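# Results of the structural survey
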Amino acid sequence: MSEPPTRGAEGPWRGRSASIAVIALAQVAALSLWFSATAVIPALEAERALDPGTASWFTGAVQLGFVAGTLASAALGLADRLDPRRLFMASAASGAAANALIVALDPASAAAIALRFLTGVAMAGVYPVGMRLAATWARGDMGLMIGLLVGALTLGSAAPHLFNALSGIDWRITLAAASASALFSAGLIRLAGLGPGYAPAPRFRPGEALKAWTTPALRLANLGYLGHMWELYAMWAWIGVFLAESFRLSFDDPAAAARAAALATFATIAAGAIGSVAAGVLADRLGRTTLAIAAMGVSGACALVAGHLFGAAPVLLVALCLVWGAAVVADSAQFSASVAELSEPHLVGTMLTVQTSLGFLLTLATIHLVPVLRDAAGWPLAFTVLALGPAAGILAMARLRRRPEARRLARGRR
């Protein structure tokens, strides 16, 4: 059966499959900026002394910039009022420029941290906007559509660790490769079409952004998301350092340990792409809350165990991390899909932007908390605290499941 074509504001005719493929690939390419500097922390620590606070800000500044960008976007309703492809393109190009400039600076300087903040601001026009684009193509498979985009986010976040391993741990090449990838994304997104579910927004009223918290069903979906985010980005930010420190106890050659840790980190985060897509398919069939609760149960259990395997055989440690990597992000798309299905059509972009803004603001706490707990009591406590998030998220999704609005999720599959 042929797919109905759609025409964007100035773009070529594009069918559903082609547009989704373009959006997903553009997301992968642009979101390599997110962890480009985080991935090179072990290399920078080897080249110059970095205190834990500075290392934390390589990711924390991006999170803070993302929050600032999403708050501004939500207040102005940009994701619903502008052509999302143009917003995506401008944001990806701006992020590429900010990230590339770090190569010319002392990476431990305040100016480099400021550029990471600007990179985060730019990402506010990429990640939620990409989800908005994908949602316009949903046909009873919102979970899969958002799952594809979260999978793209996951691969993009993992890519710098692969660049790092292949470049011989040269941090400058890693940053340059991520910026080049984002520039490619900026050009690519113009090939995507807008789906039939695209609804131009009426005149925006700033108070409508508050519906993300004042509407009970949306509030529970967002609380579930906050529990998920308490764990996710802290795990992504520090799993590479955890593996590098653990592998140094098992390898005689420090360089070999660093390469193995970079590849293992890439595999751990990239496993989330498989988890996201598989979870999207299952959630559309089994239910949003069912899938989210199961995924958080697995990821929370992994958080409780991982730190206790520090220094264990690399094969055992990597196996656990692969499961954790797949589960920790598998539920992510279900929170976004839930918000998209529970929101008024003209507010979907804004509600998604508000959700991501709240979630990424919370990540600042755990990203900075993990190294403090590690230094105070070791990796077991540092990772155990992350399990508190999934526990809270499970409670929120269980409550959402009991509400009548849950019938709007996944065509009645709660």
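Residues numbered from 1 in each chain as written. Predicted model: local features only at pLDDT ≥ 70, side-chain atom pairs only at ≥ 80, totals over all residues. Heavy atoms only, no water.

## Observations regarding the nonpolar core
Stated formally: By convention a nonpolar core is built from buried Ala, Val, Leu, Ile, Met, Phe, Trp, Tyr and Cys residues, the set being connected through side-chain atoms within 4.5 Å. Exposure classes here rest on a 1.4 Å probe applied to the protein chains alone. A residue is buried below 20% of its type maximum, exposed above 50%, and partly exposed in between. Secondary structure counts use DSSP, requiring at least four H or I residues in a row for a helix and at least two E residues in a row for a strand, with both numbered from the N terminus. Two residues qualify as a contact provided that any one of their heavy atoms is within 4.5 Å of a heavy atom in the partner residue.
In terms of nonpolar packing, the biggest core is built from 102 residues, with W34, Y127, Y233, W236, L243, W324 and F360 touching the most fellow members. Per-element tally for this core: the top contributor is helix α11 (residues 216-248), with 20 residues. For Y127, the contacting residues outside a window of four places in its chain are Q27, L31, W34, F66, V150, L153, S332, T356 and F360. Residues A98, I102, A112 and W171 belong to the second largest nonpolar core, which totals six residues.

## Thoughts on the packing of helix α13 (residues 288-306) against helix α18 (residues 388-402)
Stated precisely, the cut-off is as follows: Axis definition: a line fit to C-alpha positions, over the contact stretch in the case of helices; interaxial angles, taken between N-to-C directions, run 0 to 180 degrees. For this classification, under 35 degrees means roughly parallel, over 145 means roughly antiparallel, 65 to 115 means roughly perpendicular, and everything else is oblique. The sense of a crossing depends on the near helix, which, turned anticlockwise from the far helix by less than a right angle, makes the crossing left-handed and, turned clockwise, makes it right-handed.
It is the contact of α13 with α18, at a shortest axis distance of 9 Å, that shows an interaxial angle of 165°. As judged from the angle between their axes, α13 and α18 are roughly antiparallel. Crossing geometry of α13 relative to α18 is assigned as left-handed. Here α13 contributes T289, T290, A292, I293, M296, G297, S299 and G300 to the contact with α18, which in turn contributes P390, G393, I394, M397, A398, L400 and R401.

## A word on the side chain of H228
Just so we agree on the cut-off: Contacts described as polar in this section are N or O atom pairs within 3.5 Å, which, within protein, must combine one atom able to donate a hydrogen with one able to accept it, while residues neighboring in sequence count only if both atoms come from side chains.
Relative to the helices and strands, H228 resides in helix α11. Exposure remark for H228: the relative accessible area of 1% places this residue in the buried category. At 3.3 Å, the side chain of H228 and the side chain of S332 are in polar contact. With residues up to four places along the chain from it excluded, the contact list for H228 reads V328, V329, D331, S332, F335 and G389.

## Quick notes on the environment of A135
Counting through the fold element by element, A135 comes out in helix α7 (residues 127-135). Under the relative-accessibility criterion, A135 is labelled buried at 11%. Along the chain, A135 and E341 lie 206 residues apart, while their C-alpha atoms are 9.6 Å from each other.

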